[in-house]
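Coordinates in review
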Amino acid sequence: MKDASGIDDGTVLRASGLAKTFVLHTQGGVEIPVFAGLDFSVRAGECVVLSGRSGCGKSTLMRSLYANYRVDAGRIEIRHEDRIVDLATAPAHEILAVRRRTLGHVSQFLRVIPRVATIDIVAQPLRAAGIDAAAAERRAAELLARLNLPSRLWKLAPATFSGGEQQRVNIAHGFALARPVLLLDEPTASLDEGNRNVVIELIEEAKRDGAAIVAICHDHEVRNAIADRLFEMPGGRLAA
Ligand SMILES: Nc1ncnc2c1ncn2[C@@H]1O[C@H](COP(=O)(O)OP(=O)(O)O)[C@@H](O)[C@H]1O
Ligand SMILES: [Mg+2]
């Protein structure tokens, strides 16, 4: 995307003037302002870690960037194929197309789909992008093996897996298809050191491939390993 002087500065995702207030309709319409006038951007090959106290709105910003939450004001421009899409105003079918090809997301917890085998969950983003079933399964198996998920679990649905096993399925699903922008919400929170290091490697590989990464990450070692820059949330320094 072009900067103010018209030069393409490698920005692939740019939010400007974002505002989000939650309104609790079931609790007397209480309003919870989370942010307003927020500007944020990330370039290809760069990892930006969102920083600030618990409750300051990091997850809300990330879900807004993924268009899970509708913002009240502002633009969320993303470079999608050969054009710029504003996710703040894009229709649902366009948001889905951007997610399929351009914008990946690893949430804090796996949303388990009943009865779908782990290997198929991980292969699904590849098949949705048009990769043939055998190649998709090979890539899924490679990721699950790297993340030390025992192969006896691959044909099972992850509903009964431990928290750490589910999180590794979630990570494999998020990294299966190389996408230009990747959002990671606490990807290593429930992992042991060995698997944390695998996630650091996956992030480094994605950056080398030119991915722009936005992460929420409380683990200092992981943060130091992956962050090119910290983004201090507005209000993130206030006492809780
Ligand atoms: N779905 C929601 N509905 C209402 N309030 C919410 C919702 N999600 C988050 N909040 C509120 O918004 C604020 C920011 O939350 P969150 O983005 O989860 O913070 P962080 O990720 O930085 O810990 C908190 O005060 C939280 O209670
Ligand atoms: Mg959070």
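The chain goes by Alpha-D-ribose 1-methylphosphonate 5-triphosphate synthase subunit PhnL in an unreviewed UniProt entry, where it is assigned to Oceanibacterium hippocampi.

1. Re the nonpolar core
As a rule of thumb, nonpolar side chains are buried together in soluble globular proteins. Of all hydrophobic cores here, the largest spans 42 residues; its most connected members are Ile171, Phe175, Leu184, Ile213 and Ile226. Among the elements of the structure, strand S3 (47-51), helix H3 (118-128), helix H4 (133-146), helix H5 (163-175), strand S7 (181-185), helix H6 (193-208), strand S8 (212-216) and helix H7 (220-226) are those that each provide at least two residues to this core. Ranked by the residues each element gives to this core, the list is headed by H6, at six residues. Composition of this core by domain shows at least three residues from each of domain 1 (1-102 + 179-234) and domain 2 (108-176).

2. Considering the site of ligand 1
Taken together, Phe22, Leu24, Val34, Arg53, Ser54, Gly55, Cys56, Gly57, Lys58, Ser59, Thr60 and Tyr69 make up the full set of residues adjacent to ligand 1. At 2.6 Å, a side-chain N or O of Thr60 approaches an oxygen atom of ligand 1. Between ligand 1 and Tyr69, the relevant distance is 3.4 Å, taken from a nitrogen atom to a side-chain nitrogen or oxygen of the residue. Contact with the protein chains removes 65% of the 560 Å² of surface that ligand 1 exposes when unbound. Taken together, the elements giving at least two residues each to the shell around ligand 1 come down to strand S1 (11-24) and helix H1 (58-65). With three residues, the top contributor of residues to the shell around ligand 1 is H1.

3. Details of the domain arrangement of the chain
We note that the domain assignment places domain 1 (1-102 + 179-234) and domain 2 (108-176) within the chain. Look at where the C-alpha atoms of domain 1 and domain 2 centre, and you get two points 23 Å apart. Of the roughly 1500 Å² buried between domain 1 and domain 2 on both sides combined, carbon and sulfur atoms contribute 56%. Counting across the interface, domain 1 meets domain 2 through two salt bridges. Residue Glu205 pairs with Arg146 through a salt bridge whose shortest N-O separation is 2.8 Å. Where domain 1 packs against domain 2, one counts six residue pairs in polar contact (both at pLDDT 80 or more). Listing elements by their share of the side of domain 1 that touches domain 2, those giving two or more residues are helix H2 (92-101), S7 and H6. The dominant element in the side of domain 1 that touches domain 2, judged by the number of residues it contributes, is H6, at eight residues. Of the residues that constitute the side of domain 1 that touches domain 2, the class distribution is nine nonpolar, three polar and seven charged.

4. Concerning the sheet that holds strand S9 (residues 229-232)
The pairing of strands in a sheet comes from backbone hydrogen bonds and takes either a parallel or an antiparallel form. Ordered in space as S6-S7-S8-S3-S9, the five strands form an open sheet in which the pairing is parallel. Both edges of this open sheet fall to strand S6 (103-106) and S9, since each of them pairs with a single strand only. Taken over all neighbouring pairs, the strand axes of this sheet differ in orientation by 20° on average, direction set aside. Pairing of S3 with S9 involves four bridges; the strand directions are parallel. Across the sheet, residue Val48 finds its bridge partner in S9, namely Arg229.

5. Here's the deal with H1
Counting buried residues in H1 gives six out of eight residues, a clear majority hidden from the surface. When we look at burial in H1, the residues that qualify are Lys58, Thr60, Leu61, Met62, Ser64 and Leu65. In the segment just after H1, Ala67 is the residue with positive phi, at about 65°.

6. Looking at the sheet that holds strand S5 (residues 83-86)
Strands sit in the order S2-S1-S4-S5 across an open sheet of four strands; the sheet is antiparallel. In the strand order of this sheet, the two ends are held by strand S2 (30-43) and S5, each with one partner. Strand-to-strand twist of the sheet, defined as the mean angle between neighbouring strand axes without regard to direction, takes the value 25°. Sheet analysis places S1 next to strand S4 (residues 73-80), joined by five bridges and oriented antiparallel.

7. Focus: the pattern of salt bridges
Tallied over the full model, the rule gives 11 salt bridges. In this structure, Arg79 and Asp8 form a salt bridge, with 3.1 Å as the shortest nitrogen-oxygen distance. One end of the pair, Arg79, is in strand S4; the other, Asp8, is in the segment before S1, with 71 residues separating them in the sequence. Classification of Arg79 as partly exposed rests on a relative accessible area of 30%. With a shortest N-O distance of 3.1 Å, Lys207 and Asp228 are connected by a salt bridge.

Rules of the game
Residues numbered from 1 in each chain as written. Chains lettered and ligands numbered in written order. Predicted model: local features only at pLDDT ≥ 70, side-chain atom pairs only at ≥ 80, totals over all residues. Heavy atoms only, no water. Core = buried A, V, L, I, M, F, W, Y, C linked by side-chain atoms within 4.5 Å. Buried < 20%, exposed > 50% of the residue type's maximum accessible area, 1.4 Å probe, protein only. Helix = DSSP H or I, 4+ residues; strand = E, 2+ residues; numbered from the N terminus. Domains from an automatic or database assignment. Near = heavy atom within 4 Å. Polar contact = N/O pair within 3.5 Å; in protein donor to acceptor, adjacent residues only side chain to side chain. Areas by Shrake-Rupley, 256 points an atom, 1.4 Å probe, with all protein chains shown as cover. Buried area = accessible area lost by both parts, 1.4 Å probe. Salt bridge = Lys/Arg side-chain N within 4 Å of Asp/Glu carboxyl O. Nonpolar A, V, L, I, M, F, W, Y, C, P; charged D, E, K, R; others polar. Pairing = 2+ DSSP bridges. Axes fitted to C-alpha atoms, helices over the stretch in contact; angles between N-to-C directions.

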